[in-house]
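Structural overview
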Amino acid sequence: GQFQPTSTTSSGIFPTALIIGDSVSATITDTDQNLNGTLTETVTVTITNQTTGETETLTLTEIGANSSIFDIAGLLTSAKSSDSTSVSGKLYVRAADTLTIKYTDPTDGTDSVTSGAITMIPDTSTSYGTSLLTVSTADTKATSAVGVEI
């Protein structure tokens, strides 16, 4: 049923670093946003790339009815500059960019929580395949092909 829970200070759990291409998300706990104990509800956070100024809004869904914990959602990060428009649904990032996530309680503007700096790091595990590299030596006129992973 409908009830008004006691107002409390919200809290959040945030990443400290992300690999480019990963999704960015947060876990927000705010008991006074659990307005209906029989439904899963939502809250929103604002994710800002502090380096470029781009912002995106992410809607977090309560993990279960009457839980007051909101974290079911993620915003994809992208290395494509074409994704650099605010409110595009993807956050354009580069290595060493810094992100922040901010939640403000919609019923109490003085109740907010902001992440520390979230640093973007490059994905060094991605392989783009193998290419042949031809090497010639001037003294023997020999050539050989070597597979190089790029």
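The following paragraphs examine the structure supplied in this document. (Residues numbered from 1 in each chain as written. Predicted model: local features only at pLDDT ≥ 70, side-chain atom pairs only at ≥ 80, totals over all residues. Heavy atoms only, no water.)

Considerations on the nonpolar core
By size, the foremost hydrophobic cluster in this structure holds 21 residues, and its most contacted members are Val24, Ile28, Val45, Ile47, Leu60, Leu99 and Ile101. If you list the elements that add at least two residues to this core, you get β5 (42–49), β6 (55–62), β10 (98–104) and β12 (118–121). Dropping the residues within four chain positions of it, Ile101 is found in contact with Phe14, Pro15, Val24, Ser25, Ala26, Val45, Thr46, Ile47, Val113, Thr114, Ser115 and Ile118. (Core = buried A, V, L, I, M, F, W, Y, C linked by side-chain atoms within 4.5 Å. Buried < 20%, exposed > 50% of the residue type's maximum accessible area, 1.4 Å probe, protein only. Helix = DSSP H or I, 4+ residues; strand = E, 2+ residues; numbered from the N terminus. Contact = heavy atoms within 4.5 Å.)

So, the sheet that holds strand β9 (residues 90–92)
Overall, mixed pairing links the 3 strands, which are arranged β3-β8-β9 in an open sheet. Because the sheet does not close on itself, it has two edges, and the strands there are β3 (23–24) and β9. (Pairing = 2+ DSSP bridges.)

Examining the pairing of β10
With 4 bridges connecting them, β5 and β10 associate as antiparallel partners. When the bridges of β10 are listed, Thr46 appears paired with Lys102. One ladder, built from 2 bridges, connects β10 with β12; its direction is antiparallel. The partner of Thr98 across the bridge, within β12, is Thr119. As paired strands, β10 and strand β11 (residues 112–114) are joined by 3 bridges and run antiparallel to one another. By the bridge assignment for β11, Tyr103 is matched with Val113.

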